[in-house]
Amino acid sequence: MGSVKEYFSNLGTGIASLLKGMSVTGKEFVTPKITEEYPDNRDNLPVADRFRAELTLKYDDQGNHKCIACGTCERVCPNGTINLDISTVETWDGRKKKKLDKYIYDLGSCTFCQLCVVNCPTDALEFSNDFEQAVFTRGKLVKKLNYLPEKPEPEPTAEEKAKFLAEKEAKIAAAKAAAEAKKAAASTGVAADNDPLAGIELTEPQKKALAAAAADPAKLEKIREAILKAAAAKAAKNSDTQA
């Protein structure tokens, strides 16, 4: 009696399991198919926007990119995938500026970590989702990202030139005035009466530093501030000692 009961129990369990499996199979019969017909559907193949396939340099409609040749992407790359050829040019106002000559990217050694994109200070890089990168030789995986000719430095306007010349003349005049004041103070060995440094006994290194920075108002002001802070700290220390 027990064996018959066990037989029908096992039979019922088997039938229930079979029906459950057939229900799953039946659902798959009516489920829309997701098989991709690549490469026949490459023109409208859906690829996720977040898919990282190849590093690219962003260009705008005028053919300009935002790379400032700072080299951050090259430094943060964990395996030397990026190599920059950088030159230094002089702008019309006499300043030195880095300029990108070649942006070399080796797709074959890229780990797609996106550290270059995340750390770029000007948001000049991005990963495309063009996954068709198969080639027959590794050399073809090395690519130059700045594929458009680098544009020359823009010419300044008349207003910019006039403003620059006026600022330059003002700096020269201020430097000459500061140099003359320093020369007069150095001849007496003390600062002028209306100078905050008046009454402070300057050391020889401080005098030399002031004389060397006489032609640079910004640097001269920083040195003067440092001397005043040092004098204030010395005075506070002396007052604490006396107390």
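Provided above is the structure to which this section pertains.
Criteria and thresholds
Residues numbered from 1 in each chain as written. Predicted model: local features only at pLDDT ≥ 70, side-chain atom pairs only at ≥ 80, totals over all residues. Heavy atoms only, no water. Helix = DSSP H or I, 4+ residues; strand = E, 2+ residues; numbered from the N terminus. Buried < 20%, exposed > 50% of the residue type's maximum accessible area, 1.4 Å probe, protein only. Contact = heavy atoms within 4.5 Å. Areas by Shrake-Rupley, 256 points an atom, 1.4 Å probe, with all protein chains shown as cover. Salt bridge = Lys/Arg side-chain N within 4 Å of Asp/Glu carboxyl O. 1 Å grid on protein atoms, 1.4 Å probe; cavity = no way out; pocket = protein on both sides within 12 Å on 5 of 7 lines; lining within 4 Å. Points joined across faces, edges and corners; volume = space filled by probe spheres on them. Nonpolar A, V, L, I, M, F, W, Y, C, P; charged D, E, K, R; others polar. Phe/Tyr/Trp six-rings, centres within 6.5 Å; stacked < 30°, edge-to-face > 60°. Core = buried A, V, L, I, M, F, W, Y, C linked by side-chain atoms within 4.5 Å. Patch = residues over 30% accessible without salt bridge, like charges linked within 9 Å, V, L, I, M, F, W, Y side chains within 5 Å.

The next subject is the overall build of the protein. Along the protein, the regular secondary structure elements total six helices and five strands. Looking at the protein as a whole, 22% of its 243 residues qualify as buried. Taking as baseline every contact in the protein between residues at least 6 positions apart, the subset at least 24 positions apart corresponds to 67%. Looking at the protein as shown, the accessible area adds up to about 18100 Å², and 57% of this sits on carbon and sulfur atoms.

Opposite charge on two side chains makes pairing possible when the charged atoms of those side chains draw close. Taken as a whole and assessed by the stated rule, the structure comprises three salt bridges. Put simply, Glu54 and Lys143 hold a salt bridge, and the shortest N to O gap is 2.9 Å. In this pair, Glu54 is assigned in strand β1 (residues 54–57) and Lys143 in strand β5 (residues 142–144), connecting sequence segments 89 residues apart. Among the ionic pairs, Lys96 bridges to Glu90, the shortest N-O distance being 3.7 Å. Taken individually, Lys96 and Glu90 each receive the classification exposed, so the pair is uniform in this respect.

This part covers the side chain of Thr72. Within the fold, Thr72 resides in helix α2 (residues 72–76). Setting aside anything within four residues of it in sequence, one finds Thr72 in contact with Asn119 and Pro121.

For the rest of this paragraph, the subject is the environment of Lys96. Checked against the element boundaries, Lys96 lands in strand β3 (residues 96–106). Sequence-distant contacts of Lys96, that is, excluding residues within four places in its chain, are made with Thr88, Val89 and Glu90.

Let us now look at the layout of surface pockets. Taken as a whole, the largest pocket encloses approximately 340 Å³ of empty space. Lining the largest pocket are 17 residues; nearest its centre among them are His65, Cys67, Lys99, Glu150 and Lys151. Considering only residue class, the lining of the largest pocket consists of eight nonpolar, three polar and six charged.

Let's shift gears to the packing of aromatic side chains. Considering all chains together, one arrives at three aromatic pairs under this definition. Aromatic pair Tyr59 and Tyr147: ring centres 4.9 Å apart, planes at 50°, arrangement tilted. Highlighted residues: Tyr59 in the loop between β1 and α2 and Tyr147 in the loop between β5 and α4 (158–188), separated in sequence by 88 residues. What makes Tyr59 buried here is its relative accessible area of 19%. For the ring pair Phe112 and Phe127, a centre distance of 6.0 Å and an interplane angle of 55° mean the geometry is tilted. In this pair, Phe112 sits in the loop between β3 and α3 (115–119) while Phe127 sits in strand β4 (residues 125–128), placing the two residues 15 residues apart along the sequence. Overall, the relative accessible area of 28% leaves Phe112 in the partly exposed class. We classify Phe127 as buried; its relative accessible area is 12%.

Note on soluble globular proteins: their nonpolar side chains tend to be buried together. Residues Leu55, Leu57, Ile82, Tyr103, Tyr105, Cys116 and Leu125 are the most contacted members of the largest nonpolar core, which totals 21 residues. Here this core gets three residues from one element, more than from any other, and that element is β3. In this structure Tyr105 touches Glu54, Leu55, Thr81, Ile82, Cys110, Phe112, Phe127, Leu141, Val142, Lys143 and Leu145, once residues within four positions along its chain are discounted. Formed by seven residues, the second largest nonpolar core is a distinct cluster that contains Ala178, Leu210, Ile223 and Ile227.

At Ala69, a residue that is not glycine, the phi angle is positive and equals roughly 60°. Along the chain, Ala69 falls in the loop between β1 and α2. In this model, Asp123 sits at a positive phi of 55°, which is unusual for a non-glycine residue. Assignment of secondary structure puts Asp123 in the loop between α3 and β4.

Attention now goes to a nonpolar patch on the surface. Taken together, the side chains of Val4, Tyr7, Phe8, Leu11, Ile15 and Leu19 present a nonpolar region at the surface, about 620 Å² in accessible area. Looking at the element boundaries, Leu19 is found in helix α1 (residues 2–30). Taking relative accessible area as the criterion, Leu19 reaches 57% and is therefore assigned exposed.

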